[in-house]
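# Summary of structural features
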Amino acid sequence: MTHDQLRQDAFRALLHTQRVWDAGTAGLPGFAPAAAPASPLPLFHQWFTEAVAAGQPEPHTMALATVDGEGAPDLRTVMLHDADADGWHFGTHSTSAKGRQLAANPAAALAFYWHTQGRQIRVRGTVTAAGADASRADLRVRSAGALAAALTGRQSEPLSSAEALARASEAAWERARDEPDAPVPSWTLYVLAPREVEFFQGDAQRRHIRLRYRRTESGWARGLLWP
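## Quick notes on the overall build of the chain
- Summing up its helical and strand segments, the chain has six helices and nine strands in all.
- For the chain, the C-alpha atoms occupy an extent of roughly 65 × 55 × 40 Å along the three principal directions.
- The burial tally for the chain puts 33% of its 227 residues in the buried class.
- Within the chain, contacts between residues separated by at least 24 positions form 65% of all contacts whose residues are at least 6 apart in sequence.
- Only carbon and sulfur atoms are counted for the fraction: they give 54% of the accessible area of the chain, which is about 13,600 Å².
- The averaged location of the 24 negative side-chain charges in the chain is 7 Å from the averaged location of its 24 positive side-chain charges.

Printed below as a string of structure tokens:
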């Protein structure tokens, strides 16, 4: 048996020992979809609050899926900045790969996974860029580290070396400390207006509950999906 085969076998053996919710299946919360609110935002706020209370690490991180110019999907993890009547908010450089993709095709999807409670939330819709004032305000209320990262810029461009990044980051941190309101013209606040939101509650017997909200001309329609 070759070294590559041994390594592959070791990976598969390790993979097959992993379990979902193994330590806490007995404690997964219940979910009564018939009692869910008429629109998805209040339920998202409730589940987010419960995720924080349950000790879910980084509950404000989410996967963002976009489509590139060739129609191929792209995916990365970003931070949630807000969730309100307008939609789910996040920020990035308009010059980044995702910024360029959203400019060409504003259709996108978000996914949250909170394993402490066996919950997922999926959001699909159309993304719009907020104005310059809102984008500046979004960056202003974030940490010095977030400003330094934004000032480093050149997101998604080829990097010549780790040393080049270290030099740019050091200069950006110094400027962020000296100029807490330093402008970053490419920084953009984006808002995903949902047309579909799904709430997934895991079950120890795999009788998972999936409640989907779909936007209609008269409001939100709700329905269950097979797991």
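## With respect to the side chain of Thr 66
- Mapped onto the fold, Thr 66 is located in strand β1 (residues 61–67).
- Here Thr 66 falls in the buried class, since its relative accessible area comes to 2%.
- Looking at Thr 66, its side chain comes within polar contact range of the side chain of Arg 76, at 2.9 Å.
- Within the structure, Thr 66 has its side chain in polar contact with the side chain of Gln 101 (distance 2.4 Å).

## A look at the nonpolar core
- With 28 residues, the main nonpolar core has Leu 43, Phe 44, Trp 88, Phe 90, Phe 112, Ile 121 and Phe 199 as its most contacted residues.
- Those elements giving two or more residues to this core turn out to be α2 (40–53), β1, β4 (87–93), β5 (107–114), β6 (119–129), β7 (187–201) and β8 (209–216).
- With five residues, α2 is the largest single contributor of residues to this core.
- In this view, Phe 44 contacts Leu 80, Ala 83, Trp 88, Phe 112, Trp 114, Ile 121 and Phe 199; residues no more than four positions away in its chain are not counted.

## Brief notes about the side chain of Gln 101
- As for its placement among the helices and strands, Gln 101 is situated in helix α3 (residues 97–104).
- There is a polar contact of 3.1 Å between the side chain of Gln 101 and the side chain of Asp 74.
- For Gln 101, the contacting residues outside a window of four places in its chain are Thr 66, Val 67, Asp 68, Asp 74 and Arg 76.

Reading the values: rules and limits
Residues numbered from 1 in each chain as written. Predicted model: local features only at pLDDT ≥ 70, side-chain atom pairs only at ≥ 80, totals over all residues. Heavy atoms only, no water. Helix = DSSP H or I, 4+ residues; strand = E, 2+ residues; numbered from the N terminus. Buried < 20%, exposed > 50% of the residue type's maximum accessible area, 1.4 Å probe, protein only. Contact = heavy atoms within 4.5 Å. Areas by Shrake-Rupley, 256 points an atom, 1.4 Å probe, with all protein chains shown as cover. Lys, Arg positive; Asp, Glu negative; His and termini not counted. Charge placed at Lys NZ, Arg CZ, Asp CG, Glu CD. Polar contact = N/O pair within 3.5 Å; in protein donor to acceptor, adjacent residues only side chain to side chain. Core = buried A, V, L, I, M, F, W, Y, C linked by side-chain atoms within 4.5 Å.

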